[in-house]
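# Close look at the chain arrangement
Read off the chains here:
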Amino acid sequence: IESPRESRVRCALSTDVQEVWGLVGQNVSKGEELLRLDDLDVKLTLAQREAELTEIEAQIQSENTRYQTDRAALVQETKLLTLAQSALERAERLAQTQVGSQANVDDARQAVTRQQLSLTSRRRAIADHPSRLTQLQARRQRAVALRDKALRDLQRARIVAPFDGRITAVHTSPGDRVHPGDRLIDLFDTAYTEIRAQVPNRHLSVIRQSLREGTLITATAILDGTPIELKLTRLSGKIEAGEGGVDAFFDFQGERPPLELGRTIPVLVSLPPQSGVFALPATAVYGTDAVYHINNDRLIRVAVEHVGEYRNGEWGSWSLFRSTALQDGDTVLTSQLPNAVEGLKVEIISTHN
């Protein structure tokens, strides 16, 4: 008995184990809390990350305000430059008519130069706004990622069941120090249990052909004396070292019984019908590959090929054979005669179909 959804829950933090509620063999529901880790360090880290994010958001808001102020100031400084240039022109005209002095002209020219420098600086500040804002937004994105990681770590301090399942192992206790990668709890999904059985190579081609054609192959498992109906779902894609065949996986056709992983149970597989195959009791087989055909009250030894087993409700367990020397309607000896030889004359007392 196996489960394709057997989880080994591992730790993602370096911290102490605070509480453990899960017990071996316990059935749990999806989302049920199984174990809790100490989350104080994670909460402190989360508070730090949230403070960093708040600071960066304030810087972004300040940058946007600065940009709006620079744009408004640019308009005013452009007007001031125009006024300074007008003052310089007046001073030059007065100096030409000897009404004004050259000192006034120099002062006016310095005022124009200072205003041009101020206007250039303001324009550069406005032009740098996109790059400054991009840098702040990148810092904000990094801060958000760090905040979200801290939130995720806080969630990882609560170990919950990923599905409805059953616990198979608990690897820690309250007070233990755990680190990333340490195993905490093992459990499997009770809705995804299945039976793995190795297929003898002589039946492999028949089973593969049935799966390709969509033919249902059924089986019966015996669990605590109760028969359970199964169906073949797939074959494995790899032969493990030391194994001599391909594994087949069977699913339950009805309600799944309570199961323990690793338990071994007998499984009887019903293969698809085949032509030229007949069932015989063990008393009809001489050696391993011969039966006696009765023709004109004489025994004729016939070679047969063993192809499987057959459960006959009336006569018990029979074996299945194939032989090109036997046809429909032929009579086969089913009694074990110590002196059975080719050509021996016999009398048929009773027959079974």
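Figured I'd write up the structure that's included with this text. For clarity, every value in this text was computed on a predicted model and none was experimentally measured. Counting restarts for each chain, with residues numbered from 1 along the sequence as it is written. Owing to the predicted nature of the model, reporting of local features is limited to residues with pLDDT of at least 70; listing and counting of side-chain atom pairs is limited to 80 or more, with chain, interface and lining totals taken over all residues. Side-chain metrics rest on all non-hydrogen atoms present in the structure, leaving aside hydrogens and water.

### Observations regarding the overall build of the protein chain
Each helix is a run of H or I in the DSSP string that is no shorter than four residues. Each strand is a run of E no shorter than two, and both are numbered from the N terminus. From N to C terminus, the protein chain includes four helices and 19 strands. Oriented by its inertia axes, the alpha-carbon framework of the protein chain measures out at about 160 × 50 × 35 Å. A buried classification covers 32% of the 353 residues belonging to the protein chain. By definition, residues are in contact when any of their heavy atoms lie within 4.5 Å. Of all intrachain contacts in the protein chain linking residues separated by at least 6 positions in sequence, the fraction that spans at least 24 positions is 70%. Residue burial considers only the protein chains on display, and all accessible areas are found by Shrake-Rupley using a 1.4 Å probe. When the accessible surface of the protein chain is summed, it comes to about 22000 Å², and 49% of that surface belongs to carbon and sulfur atoms. A simple rule labels every residue: compare its accessible area, found with a 1.4 Å probe on the protein chains alone, to the largest value its type can have, and call it buried under 20%, exposed over 50%, or partly exposed in between.

### A word on the sheet that holds strand β8 (residues 183-189)
Reading across the sheet, the four strands line up as β1-β8-β6-β3 and stay open at both edges, with antiparallel pairing between neighbours. One side of each edge strand has no neighbouring strand; the edge strands of this open sheet are β1 (6-10) and β3 (27-28). Here, any two strands with at least 2 DSSP bridges between them count as paired. Examined bridge by bridge, strand β6 (residues 165-170) and β8 share five bridges and lie antiparallel to one another. Opposite Val 170, over in β8, you have Ile 185 as the bridge partner.

### Quick notes on helix α2 (residues 102-127)
What a helix should span is 1.5 Å times the count of its residues minus one. With 26 residues, α2 extends 37 Å from end C-alpha to end C-alpha; this agrees with the ideal 38 Å at 1.5 Å per step. Looking only at α2, the buried set comprises Val 105, Ala 108, Val 112, Gln 115, Leu 119, Ala 125 and Ile 126. Against the buried residues of α2 lie α1 (40-96) and α3 (129-156).

### Overview of the side chain of Ser 236
As for its position among the elements, Ser 236 is in the loop between β11 (226-235) and β12 (246-252). For Ser 236, a relative accessible area of 18% translates into the label buried. In this structure Ser 236 touches Val 246, Asp 247 and Phe 249, once residues within four positions along its chain are discounted.

### Things to note about unusual backbone geometry
Positioned with a positive phi, Asp 224 is a non-glycine residue whose angle comes to about 55°. Within the secondary structure layout, Asp 224 lies in the loop between β10 (218-223) and β11. Although it is not a glycine, Asn 296 adopts a positive phi angle of roughly 55°. The class of Asn 296 is exposed, set by a relative accessible area of 66%.

### Here we look at the sheet that holds strand β2 (residues 15-20)
Here we have four strands laid out as an open sheet, ordered β5-β4-β2-β7, and antiparallel in their pairing. Each having just a single partner strand, β5 (158-160) and β7 (177-178) make up the two edges of the open sheet. Inspection of the sheet shows strand β4 (residues 33-37) paired to β5 by three bridges, in the antiparallel sense. Opposite Arg 36, over in β5, you have Arg 158 as the bridge partner.

### A look at the pattern of salt bridges
In the sections that follow, a salt bridge refers to a side-chain nitrogen of Lys or Arg positioned within 4 Å of a carboxyl oxygen of Asp or Glu. Under the criterion given, the structure shown has 22 salt bridges. Residue Arg 156 is joined to Asp 153 by a salt bridge in which the shortest nitrogen-to-oxygen separation is 3.6 Å. Of this pair, Arg 156 and Asp 153 are both found in helix α3, three residues apart, which corresponds to roughly one turn of the helix. The residue Arg 263 makes a salt bridge to Glu 260 at a minimum N-O spacing of 3.2 Å. Look at Arg 263 and you get partly exposed, because its relative accessible area is 28%. Exposure remark for Glu 260: the relative accessible area of 33% places this residue in the partly exposed category. Where salt bridges share partners, they join Arg 66, Asp 70, Glu 77 and Arg 122 into one cluster.

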